[in-house]
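Single-letter residue listing:
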Amino acid sequence: DGGITQSPKYLFRKEGQNVTLSCEQNLNHDAMYWYRQDPGQGLRLIYYSQIVNDFQKGDIAEGYSVSREKKESFPLTVTSAQKNPTAFYLCASSIGQGARQPQHFGDGTRLSIL
Amino acid sequence: QQQVKQSPQSLIVQKGGIPIINCAYENTAFDYFPWYQQFPGKGPALLIAIRPDVSEKKEGRFTISFNKSAKQFSLHIMDSQPGDSATYFCAASTNQAGTALIFGKGTTLSVSS
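Draft legend 1. Region of interest: the pattern of salt bridges. Residues and elements named next belong to chain A. Enumeration over the complete set of coordinates arrives at seven salt bridges over all chains. Taking the shortest distance from any N to any O, the salt bridge between Asp30 and Lys71 comes out at 3.4 Å. Pair noted here: Asp30 is in the loop between β3 (19–25) and β4 (31–38) and Lys71 is in the loop between β7 (64–66) and β8 (76–78), with a separation of 41 residues, a long-range link. The class of Asp30 is partly exposed, set by a relative accessible area of 34%. Using a relative accessible area of 23% as the deciding quantity, one classes Lys71 as partly exposed. Arg36 is the salt-bridge partner of Asp38, the closest N and O atoms lying 2.8 Å from each other. Taking the relative accessible area as the measure of exposure, Asp38 reaches 13% and is therefore buried. One network of salt bridges, with partners in common, ties together Arg36, Asp38 and Arg44.

This is the structure we're talking about:
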């Protein structure tokens, strides 16, 4: 079955530590996205990528980094510079970007601080 | 101008009721308005979407009403069921390459039996 796989489902970070969240899709989609979800805040865009080896900052990119070396993969690193990383992180993909493209979401990674 | 304002934040209805969730926007360049449904611990899933050239779209018990002049759109759930209890997000985007969906802050719906 085609879909988006996020791992791990739960992740714990120590102070000063970088952690990487995995996102893999087998939908052959060009565009991929990372969102952060906090209670009452909706989905806020962190980074997005329209094509391999290219990505753009979203609304809340500070303290995060991404890479897009393969079409199927779009890992997100939460760096120690992100002072409030506790949140539910969602990865999504779409056939293209803009032009009324529906986004398909993974089931998220919940990150907590130890 | 990039915001999508969603209300109410939470909603409780009895089984069989018709909950209505409203969204408003300012950017007249938006031309795609999807709604997503999210269950706890899961990612959002596309429920229904509308384009501004129609005023209403129905899919099963879910209906989107769109008012272009007022820059508002709403989701109605007919004959609501306890299984509809979830968080609902409206969103909007333009047709411009390189842009992403703008999401509302969500509405948590509880349908009591």
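Draft legend 2. Local environment of the pairing of strand β11 (residues 107–112) of chain B. Residues and elements named next belong to chain B. Of the two faces of β11, only one is covered, namely that formed by Thr107, Leu109 and Val111; the face formed by Thr108, Ser110 and Ser112 stays uncovered. One ladder, built from five bridges, connects strand β2 (residues 10–14) with β11; its direction is parallel. Within β11, the residue paired with Leu11 across the bridge is Leu109. As judged from the three bridges shared by strand β9 (residues 86–92) and β11, these two strands associate in the antiparallel manner. Bridge pairing in β11 places Tyr88 opposite Thr107.

Criteria and cut-off values
Residues numbered from 1 in each chain as written. Chains lettered and ligands numbered in written order. Predicted model: local features only at pLDDT ≥ 70, side-chain atom pairs only at ≥ 80, totals over all residues. Heavy atoms only, no water. Salt bridge = Lys/Arg side-chain N within 4 Å of Asp/Glu carboxyl O. Helix = DSSP H or I, 4+ residues; strand = E, 2+ residues; numbered from the N terminus. Buried < 20%, exposed > 50% of the residue type's maximum accessible area, 1.4 Å probe, protein only. Pairing = 2+ DSSP bridges.

Without other data, these values stay purely geometric and don't point to any function.
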